Amino acid sequence: MNVSHRGGRRGGMGRAVLAVALASALGAGSAWAQSITGGLYGREPAGQVTVAVDNAATGYHKNLQADADGRYTLGGLNPGRYTVTVTQGGAVVGTRTITVTANVQTPVPALSRATAASAVKAENLSAIQVSATARGQDVIPIDVSTPELSNSYNMSVVNQLPTGRGPESIALLSSKVRYDNQTTGLVQMGGASPAENRYYYNEFDSTYDYQGLGATYLPAEAIESTQVLDSNAGATWTSTTGGVIAQTVRQGTNQFKAGYSLYFSPASSALNPTQPDAYTRQGAYYHYTSQNSHSGNVTGQYLWGSGALVKDKLFFFAMLGNAPNNRSVSYSQTLKTKSATRDKNALLNLTWNINADQSLNVVGNRDWKDSFNNQYRLTRAYDPSSAGSYYGWTSSHVKNQFLIGNYHWQINDTMSLRLMAGYLSQSSISPTSSSGTGVPYVNEVDPVTQTRTNIGLTTTSNQLYPFQYWRRGFKGDFTWQLGDHRVTVGGEHYKHYINNVSTTTQGGDWTYFTQPGSVLPNGSPAPADGKYVEQYYISTGGPFYTVNKAEYIDDYWQAADRWVVYAGLRYDTFINKNVNGQNFFHLPLLSPRLGVSWDVYGDSSLKLGANAGKYTIPIPSSVNNGAAGAVTQWQRYYTYTGRDPNTQAPTGLSQIGPQLTLINGLAPSKENVATSNIKAPYQYEFQLYAQKALGGSWSGMAEVGYAVLKRAIEDTCYTQGITDYAQANGYPNYEDASGCPMINPGIAQVFVRDYNGDGKLESLTLPGAVFGPPPSRKYTHLTLEVSHARNAEEPYFLDLSYTWAHLYGNYDGLLNLGTRTNGGPSEQIYWDFPGLMEHGNGNLAGDVRHSLKLNGIYYFPSGLRIGSTLDLSSGTPESCLGTYPDTDNPASWYGAASHFCNNVPSSLGNAGRTPFFWQWNLGLGYDHQIGEHNLLSVDLQIQNVTNHHGRIDAEQRYDTGSFDNSGQPILNPSYGAATWQATRSTMLVLRYTFQ
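Residues numbered from 1 in each chain as written. Predicted model: local features only at pLDDT ≥ 70, side-chain atom pairs only at ≥ 80, totals over all residues. Heavy atoms only, no water.

With the rule as written, the count across this model stands at 15 cavities of 30 Å³ or more. Here the second largest cavity is characterised by a volume of approximately 160 Å³. Lining the second largest cavity are 19 residues, and of these Y60, G76, L77, A356 and S359 lie nearest its centre. Sorting the residues of the lining of the second largest cavity by element identifies β4 (60-65), β5 (71-77), β23 (335-355), β24 (358-378) and β25 (387-410) as the ones contributing at least two each. Residue contributions to the lining of the second largest cavity peak at four residues, all from β5. Among the residues forming the lining of the second largest cavity, the class breakdown is six nonpolar, eleven polar and two charged. (1 Å grid on protein atoms, 1.4 Å probe; cavity = no way out; pocket = protein on both sides within 12 Å on 5 of 7 lines; lining within 4 Å. Points joined across faces, edges and corners; volume = space filled by probe spheres on them. Helix = DSSP H or I, 4+ residues; strand = E, 2+ residues; numbered from the N terminus. Nonpolar A, V, L, I, M, F, W, Y, C, P; charged D, E, K, R; others polar.)

Here you go:
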């Protein structure tokens, strides 16, 4: 293979330099593009050098011819241990054993020129063995072939740390990643909201694009490795304003292996204590959790096997998983709920090495999740001993399916082809004991605590409809080595479908209030005794399609002996359709990416890298369901004379004031759904970093990054603003009733309407200022990291990372984290009305200034090991949110969601911070070899081992959304009430492996 590798190296590379590198559990590696295969590259003394690459576990063999400068490279390799043998002048001058990891180009260490020269002269030379470390799978050398910077995690090490095994838990091992434990329970990367991350399995994008939150997941037991890019991905990866988490599935080899894994959580006890209660300032319950409990639960057990169906050609990995009935009991103010859950899954991964240049991988998975809840009334509030009559039941049945195929072909020495196709689906149904019967759903709000309690016969406010979601995608690219340029051209196409219909139950959704002297949201005064009932109605949903596609081209240019320059260009197109299959979004965007990598000393011991790029994000299809569906949403207010003794629904109704219509159910024409000049969101990202071998098995990294949002998409419900501007600009009789159209906030928008009422559509451009200020999100961070890779002389792994960051602006992203509100991505409350954005600039919810993560494992000769993770971070900003003080302003309709506190402006994040957060997790493990072929491992993993009760959040709503007769807001009794971090949790893990 007479081609240049990306990043030449000169001179020797001793064992100390080889061991530089972050352990793959927490290691900084690099990637060319999301792939289930990896590669290697190296450089030997100039001359007639032949390189043989072998993998005994799969029978792989390939000969390479180094170029005139001694460089060689090879891609498309399945993960595993490879032996690289170098021959010069017919004599073997050395062998190296390296580990190839998915999506990483691994440098092969070179012998010094003097050593190589003397070796060639020897007639009967034994092979020189060079290995990065005694446990090579723990090490990824510094890759100078690309400017990209990522963290690569091997599950064999993650399993030995007392942390979760899901993709988010793995990403959280880095101090750059923040856990959003206040709103979503997911992660923030690069300063973006959790709805802006992308998730991959075997190159297939499995992001849950209905809401953009998380992904459709495969079992962690089936995962081999995980790669995390928190920012600055290349053009062939994807486009996202957040981060990327890519995982690969385990593969088989010629060696037969089988095993069993058991994950057991003991019953509620000192090992798994319950969450402490939280109280309001008046001593009432804010969170009642102290009486919740669970039985001893098998959270997962797996039986797996791997091996060869045809030696050296066809390999398999198969797994059956089962989590039997896991039981728990929880309490609310009036209900006791007994829950049982069950999960079953099956997975098969087949790998066909067609020949040394072609491979095909196909993985399929099916998962069934079921839950069932029985509920009982409490005759005395918050008293578990008073549980009495049967209340009802709910259940959930969810089925997930996966099928992913990958084909890689090394066409010749300079050309390669990569293809991927994938499909996933999810279907669910959640019946209850009163589904479809039209029973009223009834709540009551306590006038003192403002706690909302369900008092009716049904536990759900909606009619029952099944939910359907599927996603299919294709990706392919062609790579051609043209001298010092490695050019890749490709594209991808994803389409997904949802069918999610939701309507309020036919019996009505009712809530009783007692608020004397208050003013109702429709502007009418409450009755003298303050007793009234609210009726809420919403109808939304339907079947929708969304298409995300892209074309890309990039070039890795070996600009000089130690310099690699990267240039990429990506063209994304996002298409969202309404219920009639018509496009209401067609959002193209061209995104350039640039980067440079400098191998300072020419031996991969010091790398300097820089990246800059433009990034966008697809808009989740929950927008289709909300903005593009025929949505009807209103509230009515009544006095009442009584209550039905059976259903508790109000009787003797008399309406108070007009109906408050939030969304009027207009047909979803594309003109009403979005402005005609709406454009895709995007941000710019910049990165500068250094990776350095520090001697021995130590390495270090320093990184500076900056991201700035330039354009966003959100909805606005400010139809009065459209009306006022139209009437002031030539259409005096126009009244807008378009609902909540999607806009680019802060940018002049073109609204197409029938302004003259003559049936003809016309365009009118409204200044962005009509709807509020432009979006702003700026994120700056500095990260320092030092790592030690395990080796024979120093049997421990250690990773210490520290991040200073500042995140500020007025826009968290697709999700509003600052107000802790729910709602679909890009359909938050931000620009619904201009008043909601007043004083909305400041430190954003994810602004954690200081974060330190310490992760480590120590291995004793006896087989005992100790693992630990320590998480330290400064607090997050809190806001004081109140009702907009002018009841004539529509911003007051949303209650305590404005940046006013006791009628006084209170800027975003200006109400202090949560306390300093810390948590220590501890794990004890023991590995016992039984004979030659059997290994037994036992782990006790404890998270929050000290059971520290840190406050992670506080109720931010200062008032109840109502005012007294003097115009003063009525205080929310729960304002300031705490939410605590998760208590101690313990897991017993048993693993048995035969090989």
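Here the focus is the nonpolar core. Counting 59 residues, the largest nonpolar core has F585, L587 and M742 as its most contacted members. It is strand β34 (residues 583-599) that contributes the most residues to this core, four residues altogether. Apart from the residues within four sequence positions on either side, F585 is in contact with F574, I575, N576, I619, V623, A674, I678, I713 and M742. Ranked by size, the runner-up nonpolar core spans 21 residues in total, among them Y731, F833, Y884 and F900. (Core = buried A, V, L, I, M, F, W, Y, C linked by side-chain atoms within 4.5 Å. Buried < 20%, exposed > 50% of the residue type's maximum accessible area, 1.4 Å probe, protein only. Contact = heavy atoms within 4.5 Å.)

As a further point, take the pairing of strand β21 (residues 297-310). Pairing of strand β17 (residues 257-265) with β21 involves nine bridges; the strand directions are antiparallel. Residue pairing across strands places G259 opposite W304, the latter belonging to β21. In this sheet, strand β22 (residues 314-331) lies alongside β21 in antiparallel orientation, the contact comprising nine bridges. In the strand pairing of β22, Q301 is matched with N322. (Pairing = 2+ DSSP bridges.)

Moving on: the pairing of strand β59 (residues 959-963). Most of β59 sits inside the fold, with four of its five residues counted as buried. Here two bridges tie β59 to strand β60 (residues 969-971), and the two strands are oriented antiparallel to one another. Along β60, the bridge assignment pairs D959 with L971. Connecting the antiparallel pair β59 and β60 is a turn made up of five residues, with G967 showing a positive phi of about 85°.

When you line up the elements, W304 lands in strand β21. Taking relative accessible area as the criterion, W304 reaches 9% and is therefore assigned buried. Considering only alpha carbons, one finds W304 and P431, 127 residues apart in sequence, at a separation of 34 Å. Look past the residues within four positions of W304 in its chain and what remains in contact with it is R250, K257, A258, G259, Y260, S261, F317, A318, M319 and T993.

As enumerated under the stated definition, the model contains 30 salt bridges in all. Measuring nitrogen to oxygen at the nearest pair gives 2.6 Å for the salt bridge that ties E221 to R165. Of the two residues, E221 sits in the loop between β14 (204-205) and β15 (223-229) while R165 sits in the loop between α3 (155-158) and α4 (167-171), which places them 56 residues apart along the sequence. Just as E221 is buried, R165 falls in that class too. A salt bridge links R991 to D939; the nearest nitrogen and oxygen atoms lie 3.6 Å apart. (Salt bridge = Lys/Arg side-chain N within 4 Å of Asp/Glu carboxyl O.)

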